[in-house]
Amino acid sequence: MSRCATVSRSLDEPVSGTAATATTWLLLEQPGPWGAKALTSSHLDPALGRALEAAAEGTGVRIALIRRPGRHADPGTPAVRQVYVAHTVPGDGWLHHATTRDPLQLLGLDFAALGAGDHRSFGAALGGRPHEDGPLALVCTNGKRDRCCALLGRPLAAELAASGVRGAWEVTHLGGHRFSPTVLVLPYGYAYGRAEAHAVKEALHAAQEGRVVVEGCRGRSAWERPGQAAELAVRSATGECAADALSVVRTQGAAPRWEVTVAHADGRHWRVTVAQGTSLPPRPESCGASVLGSPARMDVVAVRELTAARLAG
């Protein structure tokens, strides 16, 4: 069993859950500038963007645009676009890749099946195959959505690309811009905040080996925010770093308090109490914000390993 050192952290660190929630990520290359809602305000056909949004709604699939790090002047319509799809649920994760000359082909995908982990329509519609060139590091750089992402994300993406990280891409909005630069690592779907190049490289190396780096991690996108916080709390308590070792199997309650059950692949279970709080003192929620805010956060109140009797009850 792969183990890693327990990481201690304060509650102000970016471990309280990421807004980037999805079981499956669909990524389409779209060079050039992006607007605040990139699927319908970029140089992608906005009618196609609206159709993709409608097709993905309620399926667990989140669609994002990606582009190579660098200058973003309009290069014209690319002859060939890269397309990736990743399913992030533990024990059933995968990352597939395809290319397309016509992004309308994406409308041939079965989004409900993709969200459930079935990649067959990706192969049928786009000729997709398993991606065998290492994990991806997606750096949020959409400055039209939030200035932080451009000011902090673009230099990070450029540094990763210049240092030879082949899986580095710029990506549209991931959420949690107050933790910029933010990064999503696929295929496992773990998000990181206030990321630096050396930490992203470490996370990519760990993902290549089936591990997750807990330091700076904001949670796995397959889970809702209480589950993200609970899973990371169990990792910190136990030192477990195998990416697929832990699953969120039950979440009970509602805001502002949840009881989350986290299961290990070896049969152990934990009950984690998560409470919604507010980040204090008030602070700007964006690089360009002049108004102070107190954004919601997920605070882990207790982590209890369950005995067989307590689990049955």
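Heads up: these notes are all about the structure in this document. Within any chain, residue numbers begin from 1 and follow the written order of that chain's sequence. For this predicted model, a pLDDT threshold of at least 70 governs which residues receive local features, and a threshold of 80 or more governs which side-chain atom pairs are given and counted, while totals over whole chains, interfaces and linings are taken from all residues. With hydrogens and water set aside, each side-chain value is computed from the structure's full complement of heavy atoms.

Once that is clear, we can look at the pairing of strand E2 (residues 61-67). When accessible area is computed with a 1.4 Å probe and restricted to protein chains, residues below 20% of their type maximum are described as buried, those above 50% as exposed, and intermediate ones as partly exposed. Helix and strand definitions follow DSSP, with helices as H or I runs of at least four residues and strands as E runs of at least two, each counted in order from the N terminus. Counting buried positions over the seven residues of E2 gives six, a clear majority of the element. Any two strands with at least two DSSP-identified bridges between them are counted as paired. Judged from the six bridges that link them, strand E1 (residues 24-29) and E2 form a sheet pairing that is parallel. Looking across to E2, one finds that leucine 28 is bridged to leucine 65. Looking down the strands as they point away from you, a crossover is right-handed if its path from the first strand over the helix to the second goes clockwise. Handedness of the β-α-β unit built from E1, helix H1 (residues 46-56) and E2 comes out right-handed. Looking at chain direction, E2 and strand E7 (residues 168-171) are connected through two bridges and run antiparallel. Bridge pairing links arginine 67 to glutamate 170 in E7.

Moving on, we get to the pairing of strand E12 (residues 257-264). With six of its eight residues buried, E12 lies for the most part within the structure. Here strand E11 (residues 246-254) hands over to E12 after two residues, the two strands then running antiparallel side by side.

Within the secondary structure, threonine 24 sits in strand E1. Residue threonine 24 is classed as buried on the basis of its relative accessible area of 0%. Pairs of N or O atoms are called polar contacts if they sit within 3.5 Å, as long as, within protein, a hydrogen donor faces a hydrogen acceptor (for residues adjacent in sequence, only side-chain-to-side-chain pairs). A distance of 2.8 Å separates polar atoms of two side chains, one belonging to threonine 24 and the other to histidine 87. A polar contact of 2.8 Å, which involves the side chain of threonine 24, links it to the backbone oxygen of leucine 114. Any two residues having at least one pair of non-hydrogen atoms within 4.5 Å are treated as being in contact. Beyond its immediate chain neighbours, meaning those up to four positions away, threonine 24 contacts Gly60, Val61, Arg62, Val85, Ala86, His87, Leu114 and Gly115.

This part takes up the pattern of salt bridges. Side chains bearing opposite charge may pair, as long as their charged atoms lie close to each other. The term salt bridge refers to a side-chain nitrogen of Lys or Arg lying within 4 Å of a carboxyl oxygen of Asp or Glu. Enumeration according to the criterion identifies nine salt bridges in this entry. A salt bridge links arginine 120 to aspartate 118, with the nearest nitrogen and oxygen atoms 2.7 Å apart.

Think of two packed helices as two axes; the pair is described by the angle between the axes and how far apart they sit. Between N-to-C directions, angles cover 0 to 180 degrees, with each direction set by a line fitted to C-alpha atoms, over the stretch in contact for helices. Where helix H4 (residues 147-162) contacts helix H5 (residues 197-208), the two axes come as close as 10 Å, and the packing angle between them is 60°. Relative to H5, the element H4 lies oblique. The element H4 and its partner H5 pack so that their crossing is right-handed. The segment H4 lies against H5, with Leu156, Glu159 and Leu160 engaging Ala197, Val200 and Lys201. Across the contact of H4 with H5, the residue classes break down as four nonpolar, no polar and two charged. Under this scheme an angle from 65 to 115 degrees is roughly perpendicular, one under 35 degrees roughly parallel, and one over 145 degrees roughly antiparallel; angles in between are oblique. Take the far helix as the reference: if the near one is turned anticlockwise from it by less than a right angle, the crossing is left-handed, and if turned clockwise, right-handed. Following the grouping adopted for this structure description, the nonpolar residues are Ala, Val, Leu, Ile, Met, Phe, Trp, Tyr, Cys and Pro, the charged ones are Asp, Glu, Lys and Arg, and the polar ones are all others, Gly among them.

Our focus in this paragraph is helix H6 (residues 225-238). Between the first and last C-alpha of H6 there are 20 Å, a value that for 14 residues agrees with the 20 Å anticipated at 1.5 Å per step. The element H6 is largely enclosed, with a buried count of eleven among its 14 residues. By the burial criterion, the buried members of H6 are Pro226, Gly227, Gln228, Ala229, Ala230, Glu231, Leu232, Ala233, Val234, Arg235 and Ser236. Looking at the buried positions of H6, the neighbouring elements they touch are strand E9 (190-192), strand E10 (217-220), E11, E12, strand E13 (269-278) and strand E16 (296-306). Under the convention used throughout, the expected extent of a helix is 1.5 Å for every residue step, that is, one less than its residue count.

Moving on, we get to the sheet that holds E12. Spatial ordering of the open sheet is given by E11-E12-E13-E16, a layout of four strands whose pairing is antiparallel. In the strand order of this sheet, the two ends are held by E11 and E16, each with one partner. Neighbouring strand axes in the sheet, compared pairwise and without regard to direction, differ in orientation by 25° on average. Relative to E12, E11 runs antiparallel, the two being bridged by eight bridges. Across the sheet, glycine 253 pairs through a bridge with tryptophan 258, a residue of E12.

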